[in-house]
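Structural description and commentary
Listed here are the chains, written in short residue letters.
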Amino acid sequence: MARSTDMTLNQRLMLIIMATSVSSLTLACLIVFFAWNNYFKTSLENHSAVLAQVAGSMCEAAFDFDQPRDALETLAHLRAEPQVALAVAYRPNGDVFAAYHRDTAAQPADLPPLQTAGAFYTERYYWIYQPILSHEEHIGTILLQVELTAIHELSFKNIFLILGVMVFSTVLALFLSYRLQRTVSEPIMNLARIAREISQSGNFTLRPVAKRGGEVSTLIKSFNYMLDQIEQSNDQIRQSEAGYRKIFERSTEGIFQSTHQGRFIKVNPAMANLFGFDSPQDMVDGVTDVSAELYVNQDDRIQFTRLIEENASVLNFQTRVYRKDRSVMDVAINAHPVRGEDGRLLYFEGTLRDISLLLRAEKLKIDVEAAQAADEAKSKFLANMSHEIRTPLNAIIGLSNLALQKEPTNEGRQFLSQILNASKVLLGLINDILDYSKVEAGKFKIDAIAFNLGEELNNIHDIFSQKAAAKGIALAWMIDPQLPPIVIGDPLRLNQVLINLINNALKFTLVGSISVRVSLEKQDDRELTAKFVVRDTGIGIDSAKSGDVFEAFSQADDSINRQFGGTGLGLAICKQFIALMGGEIGLDSVPGHGSTFWFTLPFRAFDAGTEHMADVHPAEEEHLWKPTREKPRGPAVILVAEDIEVNRVVLRGLLAGTEIHLDFVDNGQKAVAAVAHKTYDLVLMDLQMPEMDGFEATRLIRANSAHQALPIVAMTAHALESEREKCFQVGMNDHITKPISPKRIYDVIRRFVPGAAVKAAPEVENPHNLLPAALPGFDVVDALNRIGGDEPVLIRLLYDFCEQAVDYRSDLGKALATDDRLSAAKIAHAFKGLAGNLGARTIHRALVSLYDELATDRPADLGPLDSALKQLPEVREGLAGLLPRADVAPQHRLGRDEIDALWLRMRDLVAKRDMDSDECLAQLIAGLGAGALKNQFIALQPLLDAMTYAEAERLMDTIENHLKGEQ
C-alpha cells in the first residue's frame, strides 16, 4: 500500500471516507448482532420462567394430594413447547416427584440434582428451577431444560444477513465516495495545478475559477486575492526599481558600489561625471584600484575601510581625490557594507558628493566672522580710548580756562587760547568718534515711547534761537498743525539728529536764514510718517559730492575742514540713527545757494482712547496713557501707598523742592479711604502691603465710577511681563519698577499730571559732606540721587538697613526651613526693593536671583545673599561714627541771614579765583535741607573743584535769582 504522503488528494479523501464508512458500519452491525442475541436470550428466559410457573401451579394439587401420576400428566402438556427437552417435579427433599422427557422416559438417576432456585446455561441447554408454593409453604420444585438449538440457528442467520449488508454498504460507500470527493478534490487539484504553473512560469495573471460556494470557493477567492496582492506588490517593486533606477541615473550625487579591494562594481552617471569619465562603464573599466588611482592620501582609504567595518557605516567621511585629469577635489562619502546571508562582505555601497565649494564658503564665512570680530574690536577700542582720552582732555580744558583767568601775558594768553581751542576741537572729535563707535558696535537701542512731538521741537528751538540771534541769522520754525501731539518713537535719537543738522546749518551759514519744517507725509490708523526739513542759505554742496557727506570721516572737500572744522562723523551718525529708526535721509544742495537736509521717520500712532498699549516696548518698560482730566489749577496732590519707610523717604527726596504735595498711607485699605475723602491728581500704589495689597485696593477704587479717570501707577520690584499685565487688568495705568529711577518718576508725573512743576534735580556725582565716596557693596551716588542728595538722611537709612537686613535674612531662613516658598518670595520681594533704593547693588543682585528661583520653583540658594551680607558689619561700623553728625545736621539748619552771609563771601572768593570758596559751599550744602536750592549748590561743586570759575559764576547767577525769589 502506498504511503499516505504519496497519495493524491482524491485518494486520501476516498480512503478517509471508506475507513470512516466501514468502521461505522461494522460497529453498527456488531451492536445490532449483540442486541439481537440479547433479545433472544431474554425472550427465552422470560418464556421459560412463565412455563415453569405454570407447570408448578398445575402440579400444586398433585403435590397436595401426593398424586405423581397427575403431576406427570400435567408435565406432559409441555409437549406443545418443542424446545422444552426435560421437565422434572422434585419433592422438597430432592426426590423426583414426576419427570417428563421429550424423547424418552427419563430415569431418576439421569436427572440433575435439585437446586432451590435459579437458572444457568450450558453449551446446548438453558436450565431453570422454579419453587412450588402452597399457602406460602414450599412443597416442591419444577426444573425445565430448554434447548438452545433454535437460538443458535437464528444467530447464524443474522450473521450472514449482517455480512451481506456490510458488503453491500461498502460497495455503495465506495461508489458514492468516488463521486462525491470529486466535488472537493477537483477544485483543489485545479488550484494546485495553477499554483504549479504560476511558480514555474511566474505568470501571476492566471486565476482559478470558483464554481460553487462553500469553503473551497472561499479558499479559491482568497488564493485569487493573494495573487492580486502579489501582482500589485510586484508592480510596486517594479515601480520602485524603476524609481531607484531613475534616482541612480539622474542623481546629482555620485552613487557607487565597490569591492573591498577597491574595484568599482557599478557607478551612476553623476559619479562618472564628477571624476571626469565619459560614462559609468568607462569609469568601472578605467579604475582598477581606487586607493592608488583616486585617493590623494592613500591612508584615507585604509581609514575609510576600517571605519566602515567597525561601525557598519560611514557618514560624511571627508577626503581629497583625483579626477581623471589629475585635478583635485574635496568630497564627502556616505557608505555602508552589503553582506550575504552568511555574513560575508559582498561590496561597499554609498554616495559621494563634491564639497569643494562648501569648504571654500565655510572658509570665507570664517574669514568674514574674523573680519567682523576685528571690526568690533576696533569699535570697542575706539569707545574705550575715547573715554580714556576725554578725562585728561577735560583737565586740559579746565586748567586752560583757569590759566586764562589769572591774567597771563599776551603771548601766554595766545598760547592758552590756542590750547583751549585745540582741546575743544579734539573733544568734539572724540565725542563724535565715541558715538560712531557705539553705533558700529551695535550698542544703540532704539526705544519706542510716547512723547509730545511739539514739546520736543520747541525745546530744540529754544536751544538754537539765542545762538542764531547772536550770529545774526534768522531761524524760522514751521510745524504742520495736522501732526498729532503725541506719537510713539525715540525722542532722544530724533533730538540728536535735528540738533546735528541745525548745528551744521548754523556753522556753514554766514548770512541769511535757517528754516526748520516738520510736515505730515502720510497717516493711517496705526502709523504715520513725518518729514523733517532743515534748509539754510549757507555755502552749499556740489551735487556730485552730496552722497559723500553721509560717509564716516568724509566732507564735501578738504577746504571745508580747514575753514569750518569738523570730524566728518556727524552726518554719518545721523544716517545710522535714521536707518535704525526705519527712516530715510537725503540732501538737496546747490553750491553758493545753501543746502536742504531732509529725513523721514515713521512713528506709531498713539490711541488716546486706550489707557495702555501692551505691544509698546519703551526704554524703561513704560505703558502709555493720555490723561482725560483737566489740568490742575493749584499744586498737584499725589497719594503714595507704600508701607516701607525707605521708599517713602526716597519719594520725599526726589520731589523735595517741587510744588507737589505728597500724602502717605501704609496699606491698601487706607488708600481706598483716602481717595474716597480727598481729590488726588495721581496715586502711586505699592503692590505688596499689609492688610490689603495694591491689586485689591485698585479694584475697589475703580469700582467707584467717580474714580475711573484717576491715574493709578503701580510701584513694585516685579519686572515680569505677567506682573505688568496683571496691573493693567485691575485698572492701573502704568508700572514703575523698584529701585525707583528719578527720571522714571519725573516722566510719570509729567505724563499723568499735566502742568505739574517737575524738574529733575542736578545729579550728585560725589558725596560732598559726610559720606565717604565709596561703601563696600553700595552705590552711594545712586542712593544720594534717589533721595535728593540729602546725606544725613541717607546715613540714617543705610544704618537702619544694615540692622533690618539681619531680620530679613532670619525671616527668609525660617520660611525656607518650613518650605513656605510663598512667604519667602514675599520677604525677598520687599528686601529686594529696599536694597535697590538704597544702592545696595550686590545684595540687590543676590535677591533678584533668589526671587527668580522662588518664583520658578527652582532650589533656593541663599549662598550669594549670605556672601553679600558679609559686608554689612563693616559698613555699619563705618556709618556708626557718622550718625551723630547726621542726626545733628537736620537740627542745625542755616537761617536766612547765615545763608546770605555765606553766599556773599563765596561770590567774593569765586570772583577772586580763591580756592577757599569750596569751604563756603560745603557749609551751605551741609546747612540746607533737601530741596531744589541744595541741589543747585551740589551742582556747583564740580565746577569749583575743576576751577572753571567762569562757568561757576554763570551758574551762581541762576542760584542768586533763586535766592532772591525766596526772599
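As the structure is a prediction and not an experimental result, all values here were calculated from the model. (Residues numbered from 1 in each chain as written. Predicted model: local features only at pLDDT ≥ 70, side-chain atom pairs only at ≥ 80, totals over all residues. Heavy atoms only, no water.)

1. As for the overall build of the protein
- Of regular secondary structure, the protein possesses 31 helices and 22 strands.
- Across the 967 residues in the protein, those meeting the buried criterion constitute 42%.
- In the form shown here, the protein has an accessible surface area of approximately 51,200 Å², with 54% of it arising from carbon and sulfur atoms. (Helix = DSSP H or I, 4+ residues; strand = E, 2+ residues; numbered from the N terminus. Buried < 20%, exposed > 50% of the residue type's maximum accessible area, 1.4 Å probe, protein only. Areas by Shrake-Rupley, 256 points an atom, 1.4 Å probe, with all protein chains shown as cover.)

2. A word on a nonpolar patch on the surface
- On the surface, a nonpolar cluster with roughly 530 Å² of combined accessible area is contributed by F168, L172, F175, L176 and L180.
- By the secondary structure assignment, F168 is in helix α4 (residues 149-201). (Patch = residues over 30% accessible without salt bridge, like charges linked within 9 Å, V, L, I, M, F, W, Y side chains within 5 Å. Salt bridge = Lys/Arg side-chain N within 4 Å of Asp/Glu carboxyl O.)

3. Notes on the sheet that holds strand β5 (residues 137-147)
- Here five strands make up an open sheet; going across it, the order is β2-β1-β5-β4-β3 and the pairing antiparallel. At either margin of the open sheet sits one strand with a lone partner, and together these are β2 (96-101) and β3 (118-121). Adjacent strand axes in the sheet meet at a mean angle of 15° when their direction is disregarded.
- Looking at chain direction, strand β1 (residues 84-90) and β5 are connected through six bridges and run antiparallel. Note on β5: the bridge partner recorded for V84 is V146.
- Packing against the sheet, helix α3 (residues 68-76) makes contact with β1, β2 and β5, and its axis sits at approximately 30° to β2. (Pairing = 2+ DSSP bridges. Axes fitted to C-alpha atoms, helices over the stretch in contact; angles between N-to-C directions. Contact = heavy atoms within 4.5 Å.)

4. Some points on the environment of I745
- Mapped onto the elements, I745 comes out in helix α20 (residues 742-752).
- Counting along the chain gives 90 residues from I745 to L655, while the straight-line C-alpha distance between them is 9.2 Å.
- The contacts of I745, once residues within four sequence positions are left out, are L651, L654, L684, I736 and I740.

5. Details of the packing of helix α22 (residues 791-817) against helix α23 (residues 821-837)
- It is the contact of α22 with α23, at a shortest axis distance of 9 Å, that shows an interaxial angle of 160°. Considering the angle they form, α22 stands roughly antiparallel to α23. When the axes of α22 and α23 are compared, the crossing they make is left-handed. Taking contact as the criterion, the partners of F801, Q804, A805, Y808, D811, L812, A815 and L816 in α22 are, on α23, S823, A824, I827, A828, A830, F831, L834 and A835.
- Looking at the contact of α22 with α23 residue by residue, the class counts come to 13 nonpolar, two polar and one charged. (Parallel < 35°, antiparallel > 145°, perpendicular 65-115°, else oblique. Left-handed = near helix turned anticlockwise from the far one by under 90°. Nonpolar A, V, L, I, M, F, W, Y, C, P; charged D, E, K, R; others polar.)

6. Concerning the packing of aromatic side chains
- Evaluated as defined, the whole model comprises 12 aromatic pairs.
- When the ring of F778 is compared with that of F801, the centres are 6.1 Å apart and the planes differ by 90°; the resulting orientation is edge-to-face. Note that F778 is positioned in the loop between α20 and α21 (780-786) and F801 in helix α22, a separation of 23 residues in sequence.
- Overall, the relative accessible area of 0% leaves F801 in the buried class.
- One aromatic cluster in this structure is built from F778, F801, Y808 and F831.
- When the ring centre of Y322 is taken as reference, the NZ or CZ atom of R326 above it lies at 3.9 Å.
- The lysine or arginine in question, K726, covers the ring of F695, its NZ or CZ lying 4.4 Å from the ring centre. (Phe/Tyr/Trp six-rings, centres within 6.5 Å; stacked < 30°, edge-to-face > 60°. Lys NZ or Arg CZ within 6 Å of the ring centre and 35° of its normal.)

7. Things to note about the nonpolar core
- Of all hydrophobic cores here, the largest spans 63 residues; its most connected members are F801, I843 and L865.
- Not counting chain neighbours up to four residues away, the residues in contact with F801 comprise F778, F831, L834, A835, L838, A840, I843 and L872.
- Residues L453, V516, F577 and F599 belong to the second largest nonpolar core, which totals 39 residues. (Core = buried A, V, L, I, M, F, W, Y, C linked by side-chain atoms within 4.5 Å.)

8. Things to note about the sheet that holds strand β21 (residues 712-716)
- Strand order in the open sheet formed by five strands is β19-β18-β20-β21-β22, with parallel pairing between adjacent strands. The strands lining the two open edges of the sheet, one partner per strand, are β19 (661-665) and β22 (734-737). Across this sheet, the average inter-strand angle for adjacent strands is 20°, counted without regard to direction.
- As defined by bridge partners, strand β20 (residues 682-686) adjoins β21 across four bridges and the pair is classed as parallel.

9. Topic: the pairing of β21
- Buried residues dominate β21, accounting for five of its five residues.
- Of the two faces of β21, the one carrying I712, A714 and T716 and the one carrying V713 and M715 are both buried.
- Taking the sense of rotation as the criterion, the β-α-β connection linking β20, helix α18 (residues 694-703) and β21 turns out right-handed.
- Two elements, β21 and β22, share four bridges in a ladder whose sense is parallel. Bridging across to β22, M715 finds its partner in I736. (Right-handed = clockwise from strand over helix to strand, strands pointing away.)

10. Observations regarding the packing of helix α12 (residues 453-471) against helix α13 (residues 491-508)
- Following both chains from N to C, one finds α12 and α13 inclined at 20°, their axes separated by 11 Å at the closest point. Between α12 and α13, the interaxial angle falls into the category roughly parallel. In terms of crossing hand, the pair formed by α12 and α13 is right-handed. Contact with α12, carried on its side by L453, E456, L457, I460, I463, F464, K467, A468 and K471, involves P491, L494, N495, L498, I499, I502, N503, L506 and K507 of α13 and no other residues of that element.
- For the contact of α12 with α13, the per-class residue count stands at 12 nonpolar, two polar and four charged.

11. Remarks on the pattern of salt bridges
- This model, assessed by the stated rule, comprises 19 salt bridges.
- In this structure, D779 and R841 form a salt bridge, with 3.1 Å as the shortest nitrogen-oxygen distance. Of the two residues, D779 sits in the loop between α20 and α21 while R841 sits in helix α24 (residues 841-855), which places them 62 residues apart along the sequence.

12. Points about the confidence of the model for the protein
- In the predicted model, the protein carries a mean pLDDT of 78, and the fraction of residues at 70 or more is 80%.
- Long-range and interchain partners of residues 558-565, a stretch whose pLDDT sits below 50, account for 12 contacts in this model, where long-range means more than four residues apart.
- Here residues 884-892 scores under 50 on pLDDT; set against residues more than four positions off or in separate chains, the count is eight contacts. (pLDDT = per-residue confidence, 0-100.)

13. Here's the deal with helix α17 (residues 668-677)
- Among all positions of α17, only G668, A671, A674 and V675 are buried. Mapping the buried residues of α17 onto a view down its axis gives an arc of 115°, with all of them on the same face. Turned more than 90 degrees away from the buried face of α17, the exposed residues are A676 and H677.
- Close packing links the buried residues of α17 with β18 (637-641), β19, β20 and α18.
- The N-cap residue of α17 is N667: its side-chain oxygen and the backbone nitrogen of Q669 are 3.0 Å apart. (Arc of directions from axis to C-beta. Polar contact = N/O pair within 3.5 Å; in protein donor to acceptor, adjacent residues only side chain to side chain.)

14. Quick notes on the side chain of S48
- Positionally, S48 belongs in helix α1 (residues 9-58).
- Judged by its relative accessible area of 1%, S48 is buried.
- At 2.8 Å, the side chain of S48 and the backbone oxygen of L44 are in polar contact.
- Discounting residues that sit within four places of it in the chain, S48 has contacts with Y126, I128, L144 and V146.

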